[in-house]
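# Structural characterization, general
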Amino acid sequence: MNALRTLVSPRGAVFLLLVILLIAVTILNPSFAEPGQFMRFIQRVAPIAIVAIGQYFVIIAGEFDLSQGSLITAQVIIAGNLVGQDDSRTVPVLVLMIVFGAVVGLVNGVITTLLKVPSFIVTLGMMLALLGGVMWWTGGAATGNPADSFREIGRGGIRDVPLLEFIPWAVFILIGWLALGIWVTKRPLGKLLIAVGDNATAVDFAGARSAWVTTRAFMISSLSATLSAVLLVGYAGVHPSVGRGYEFVAITAVVLGGVVLGGGRGWIVAAAAGAFALEALFMLLNIAGVPSTLRDAVQGVIIIAAVAYSAVAFRARRRRSPQPSPDLTTPDSVTTAESATTRTIHTETRGD
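Here we summarise the structure given alongside this text. (Residues numbered from 1 in each chain as written. Predicted model: local features only at pLDDT ≥ 70, side-chain atom pairs only at ≥ 80, totals over all residues. Heavy atoms only, no water.)

### What about the packing of helix α4 (residues 68-82) against helix α11 (residues 246-256)?
Relative to each other, α4 and α11 sit at 135°, their axes nearing to 6 Å. When the interaxial angle is binned, α4 and α11 end up oblique. Residue-level inspection shows Gln68, Gly69, Ser70 and Ile72 of α4 in contact with α11, the latter providing Tyr246, Glu247 and Ala250. (Axes fitted to C-alpha atoms, helices over the stretch in contact; angles between N-to-C directions. Helix = DSSP H or I, 4+ residues; strand = E, 2+ residues; numbered from the N terminus. Parallel < 35°, antiparallel > 145°, perpendicular 65-115°, else oblique. Contact = heavy atoms within 4.5 Å.)

Given below as structure tokens:
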């Protein structure tokens, strides 16, 4: 009974949906079940899942990051033009990309937390600034061709593997990034992010600096976009359109994974699974002959439906186990907020 309840909960429904979609794709396209084809599927989804992992940390803190797609585009252009055909530049350019991504996340976080500007506006402005810079640099046309050693990160892998045939590097990178994300959620930073999304004021009363906590979430998001850009250079090439719209795909995947918009609840594994379910859905629609122009409409419907389902499930759960709310007008309100935050920080971060 508990297993069934978990499967129909906001965080568990995405796994049930993913299985159904994969079965449907396999029925319509039997070759998809071949190990090699499935590995290619994971390789294609890896950049989206990595971006979704970064977006997860921002959303559970109660914010949004709309600059991910433009940052990916900027990083792709940086790699394409600075690496060139010189293999010796691969490592220095990778370091530069990491630093640039961290700085973008830092700027987003500082302006959002210290200047109290809504993250929607801050990251929207950063998105336009990065996109404008890329268009000025490239003139809107494809430019740059990084060395094969750099592109190998995204399109290479271990070949001639028994049964699986080919394991892309992207699979290992995704597994490593997800494992690191899970580790962060178990650390104080991850627990504080959940607490900030639930009640930032209470976190401040408890003595933690919510501004620095939220800023680090933006930095993780930008580093996720940077890692995604490294993979995309491998098989998507260098063009100003690479990465366009990834921020909305990431938000859709996170919401599909049951993460609550506004923060406070969510599971990072479900957010990554949301990316796979979303890509499997698009693949199924493509096999069924649905025009690709409807992709944005499908994403919009998914966001609305997933948020509505999560809200209904949360309200139903609250009705089953009502809890008295603290009286914030009493002198004990600060103590109550501190106690609530302490309990939140010591809970599991997988959410509901």
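After that view, the rundown keeps rolling.
### A closer look at the packing of aromatic side chains
Counted by the stated rule, this structure contains 7 aromatic pairs. For the pair tyrosine 56 and phenylalanine 57, a centre-to-centre distance of 5.3 Å together with 75° between the ring planes defines the contact as edge-to-face. On the basis of relative accessibility, which here comes to 0%, the residue tyrosine 56 falls in the buried class. What makes phenylalanine 57 buried here is its relative accessible area of 2%. Residues tryptophan 169 and phenylalanine 172 carry aromatic rings whose centres are separated by 6.1 Å and whose planes lie at 45° to one another, so their mutual orientation is tilted. Separated by 3 residues within a single helix, tryptophan 169 and phenylalanine 172 lie in helix α8 (residues 169-186), roughly one turn from each other. Phenylalanine 172 sits in the partly exposed class, given a relative accessible area of 38%. (Phe/Tyr/Trp six-rings, centres within 6.5 Å; stacked < 30°, edge-to-face > 60°. Buried < 20%, exposed > 50% of the residue type's maximum accessible area, 1.4 Å probe, protein only.)

### What to know about a nonpolar patch on the surface
Together, Val19, Ile23, Ile27, Leu28 and Ile287 make up an exposed nonpolar region whose accessible area comes to about 460 Å². Position of leucine 28 relative to the elements: it lies in helix α2 (residues 13-28). (Patch = residues over 30% accessible without salt bridge, like charges linked within 9 Å, V, L, I, M, F, W, Y side chains within 5 Å. Areas by Shrake-Rupley, 256 points an atom, 1.4 Å probe, with all protein chains shown as cover. Salt bridge = Lys/Arg side-chain N within 4 Å of Asp/Glu carboxyl O.)

### Looking at unusual backbone geometry
Of note in this structure, lysine 116 is not a glycine but carries a positive phi near 60°. Here lysine 116 shows up in the loop between α5 (90-113) and α6 (119-138). Phi is positive for glutamate 165, which is not a glycine, with a value near 70°. Looking at the element boundaries, glutamate 165 is found in strand β2 (residues 165-168).

### Structural notes on the pairing of β2
Bridge count for strand β1 (residues 157-161) against β2 is 4 bridges, and the pairing is antiparallel. Among the inter-strand pairings, isoleucine 158 is bridged to a residue of β2, identified as isoleucine 167. Linkage of β1 to β2, two consecutive antiparallel strands, is achieved through a turn of 3 residues, within which leucine 163 is found at a positive phi near 75°. (Pairing = 2+ DSSP bridges.)

### Observations regarding helix α7 (residues 148-155)
Within α7, burial applies to Phe150, Arg151 and Gly154. Buried residues of α7, viewed axially, fall in a sector of 90°; they line one side. (Arc of directions from axis to C-beta.)

Purely geometric numbers; function is a separate question.
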